[in-house]
Amino acid sequence: MNWDDLRYFLAVARAGSLSAAGRDLGVSQPTVSRRLAAMEARLSVRLFDHIENRYVLTAAGDEIFDTVQHVEETVACIDRRVAGKDLSVKGELRLTCTEVLANLYLAPHLSEFVRLHPGINLSVLCTFQHLSLSRREADVAIRVTSNPPDSLVGRRLLQVAMGVYTGSKTVRLDDSLNIEELDWIGWQDETYNRMLIYSHFPRARIRHRVDDMQAMCAMVRCGLGAAVLPCYVGDSDLELRRIVSEPITEGAMDLWVLSHPDVRSAARIRVFSSFIADAVLADRDLFEGRRPHL
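A.B. asks: Go over the overall build of the protein chain with me, naming the residues and quoting the values.
C.D. replies: Secondary structure summary: the protein chain contains ten helices and twelve strands in total. Sorting the 294 residues of the protein chain into buried and exposed places 45% on the buried side. Summed over its atoms, the accessible surface of the protein chain is roughly 15400 Å², and 49% of this surface lies on carbon and sulfur atoms.

A.B. asks: Talk me through the sheet that holds strand β5 (residues 140-145); I want residue IDs and the actual numbers.
C.D. replies: Strands sit in the order β4-β3-β5-β12-β6 across an open sheet of five strands; the sheet is mixed. Strands at the two margins of the open sheet, each flanked by one partner only, are β4 (120-126) and β6 (153-159). Recorded for the sheet is a direction-independent mean angle of 20 degrees between the axes of neighbouring strands. Two strands pair when backbone bridges link them, and strand β3 (residues 91-97) and β4 are joined in this way by seven bridges, in the parallel orientation. Within the sheet, the bridge partner assigned to leucine 95 lies in β4 and is valine 124. Against the sheet, helix α5 (residues 99-116) contacts β3, β4, β5 and β12 (254-259), and its axis sits at roughly 175 degrees relative to β4.

A.B. asks: Account for the packing of helix α2 (residues 18-25) against helix α3 (residues 29-43), with residues named and values stated.
C.D. replies: Two measures define how a pair of helices packs: the angle their axes make with one another and the distance between the axes. Where α2 contacts α3, the two axes come as close as 8 Å, and the packing angle between them is 105 degrees. Taken as axis vectors, α2 and α3 run roughly perpendicular relative to one another. Judged by residue contacts, Leu18, Ser19, Ala21 and Gly22 of α2 engage Gln29, Val32, Ser33 and Leu36 from α3. Each residue belonging to the contact of α2 with α3 can be placed in one class, and the counts come to four nonpolar, four polar and no charged.

A.B. asks: Describe helix α7 (residues 213-221), naming the residues involved and giving the relevant values.
C.D. replies: Taken residue by residue, α7 has Met213, Met216, Cys217, Met219 and Val220 as its buried positions. In an axial view of α7, the angular spread of the buried residues amounts to 165 degrees, which keeps them on one side of the axis. Sitting at the amino-terminal end of α7 is aspartate 212, which places a side-chain oxygen 3.0 Å from the backbone nitrogen of glutamine 214. Glycine 223 sits one or two positions beyond α7 and adopts a positive phi of about 90 degrees.

A.B. asks: If you had to explain the nonpolar core to someone new, which residues and values would you point to?
C.D. replies: If you look at the biggest cluster of nonpolar residues, it comprises 58 residues, and the most contacted ones within it are Ile142, Trp184, Tyr232, Leu255 and Ile276. Within the second largest apolar cluster, 17 residues are counted, among which are Tyr8, Ala21, Val32 and Phe48.

A.B. asks: Break down the packing of aromatic side chains for me, citing the residues and quoting the values.
C.D. replies: In this description, a pair of aromatic rings is defined by centroid distance and the angle of the planes. By the definition in use, this model includes ten aromatic pairs. Measuring from ring centre to ring centre gives 6.3 Å for tyrosine 105 and tyrosine 232, while their planes differ by 80 degrees; the resulting arrangement is edge-to-face. You can see tyrosine 105 sitting in helix α5 and its partner tyrosine 232 sitting in helix α8 (residues 231-234), a full 127 residues away along the chain. Of the two residues, tyrosine 105 and tyrosine 232, both sit in the buried class. Aromatic side chains tyrosine 232 and phenylalanine 287 sit 4.8 Å apart centroid to centroid with 25 degrees between the ring planes, which places their arrangement in the stacked category. Here phenylalanine 287 lies in helix α10 (residues 284-287) and tyrosine 232 lies in helix α8, a separation of 55 residues in the sequence. Owing to a relative accessible area of 5%, tyrosine 232 belongs among the buried residues under this scheme. The exposure class of phenylalanine 287 is buried, given its relative accessible area of 0%. Grouping aromatic residues by their ring pairs yields a cluster made of Phe9, Phe48, Tyr55 and Phe65.

A.B. asks: Quick rundown of the pattern of salt bridges? Include the residues and the values.
C.D. replies: A complete count under the given rule lists twelve salt bridges for this structure. Among the salt bridges present, the one from glutamate 112 reaches arginine 115, with a minimum N-O distance of 2.7 Å. Placement of the pair is glutamate 112 and arginine 115 together in helix α5, with a separation of three residues, close to one helical turn. Put simply, Arg284, Asp285, Glu288 and Arg290 are held in one network by salt bridges that share partners.

A.B. asks: How would you explain α2 if you had to name every residue and give the values?
C.D. replies: Three or more residues of α2 are buried, namely Leu18, Ala20, Ala21 and Gly22. Just downstream of α2, glycine 26 is the residue with a positive phi angle, here 75 degrees.

A.B. asks: With reference to specific residues and values, describe the pairing of β3.
C.D. replies: For the handedness criterion, the β-α-β arrangement of β3, α5 and β4 is classed as right-handed. For β3 and β5, the ladder comprises two bridges, and the chain directions are parallel. When the sheet's bridge partners are listed, threonine 96 is paired in β5 with alanine 141.

A.B. asks: With reference to specific residues and values, describe unusual backbone geometry.
C.D. replies: The residue serine 44 is not glycine, and still its phi comes out positive at about 55 degrees. Within the secondary structure layout, serine 44 lies in the loop between α3 and β1 (48-51). We note that asparagine 53 has phi near 65 degrees; this positive angle belongs to a residue other than glycine. When you line up the elements, asparagine 53 lands in the loop between β1 and β2 (54-57).

Cut-offs and rules
- Residues numbered from 1 in each chain as written.
- Predicted model: local features only at pLDDT ≥ 70, side-chain atom pairs only at ≥ 80, totals over all residues.
- Heavy atoms only, no water.
- Helix = DSSP H or I, 4+ residues; strand = E, 2+ residues; numbered from the N terminus.
- Buried < 20%, exposed > 50% of the residue type's maximum accessible area, 1.4 Å probe, protein only.
- Areas by Shrake-Rupley, 256 points an atom, 1.4 Å probe, with all protein chains shown as cover.
- Pairing = 2+ DSSP bridges.
- Axes fitted to C-alpha atoms, helices over the stretch in contact; angles between N-to-C directions.
- Contact = heavy atoms within 4.5 Å.
- Parallel < 35°, antiparallel > 145°, perpendicular 65-115°, else oblique.
- Nonpolar A, V, L, I, M, F, W, Y, C, P; charged D, E, K, R; others polar.
- Arc of directions from axis to C-beta.
- Polar contact = N/O pair within 3.5 Å; in protein donor to acceptor, adjacent residues only side chain to side chain.
- Core = buried A, V, L, I, M, F, W, Y, C linked by side-chain atoms within 4.5 Å.
- Phe/Tyr/Trp six-rings, centres within 6.5 Å; stacked < 30°, edge-to-face > 60°.
- Salt bridge = Lys/Arg side-chain N within 4 Å of Asp/Glu carboxyl O.
- Right-handed = clockwise from strand over helix to strand, strands pointing away.

Bear in mind that shape data such as this cannot, by itself, settle questions of function.
Rendered as C-alpha cells:
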C-alpha cells in the first residue's frame, strides 16, 4: 500500500470534503478525487459515501481508519526522529502562529532570521487552528494559550496583557470620559466578549462585532468604538490610543514557543526557537503593557 494513498484517505476522512482535503494537502480537488478513486479501485471497496455534500466513511472505510492513523503516527515518529538528528541550520522550517502575530509583530524578526540563516526555507502557516506538530504539519508553534498541549515541549515567554483602545483622534481624554458609555467593538463569539470586556466593564455597550482582530483595529482607528486589544498590537499603532493607563492582566494568557520533543534538538528548530524567544523577551514591556502611547 502506497503511504501517499493513505495520506489522501486520512485527509478526506478528517475534512469531510475533497476541496477541504485538497487545501490541507496543498493539492487540487481533482487530484484528491483521482487518488481516492485509485485507492478504492486497488482495494476493490468503496471507502466513502457522498451524503449531503460530505464524504462519510463507509463500514469498510471506518474499519481501516484507526489502523491508518497508527501507520501515520509511526511514519511521523520516524520522520521526527530523523529530523531531530539534523545538525545543520538549513532546510524547511514550518512555523504556525496567528495572522495577527505574524503581520503585526513577527514579520521583521522572521526576515532577520532568514537573513542570518540563508539556508532556511520558511513556511508560515497562519491559522487559529492548532496544527499537529506530531504529524509534522508544523515544526514550531508560537501560541497564546494558558494550557499548551502536554505532547509538546517549549518555553513560556511572558504574559500577553490587554488594553482598552480607541482611535487616537476620535476620543478626547479628560476627567469627564465615561468608558462604559462609549460604543464598543466586540467579537462575534460572546465567550470572548464575556472574558475580555464584560468581566472588566460590565456595563459596556457592544454596538459592533467582528471575527478578525485586524478588522477590529481598523474599525477602532476609524472611530467606530472602543475595543480590548493586545498591548503589543495597540501600543505599536500610532493611530490607536490606550484610554485606560493600566493594562488588563487578569485572565490574560501566555505566549509560548513550542515544538515536538522528537525534533526540538534539530539545529534549525533549536536556533529558530531561541532567536524568536530572545526577540520577544527584548520587547517584554510592549507585550506586558508597560510601553503605551498615551
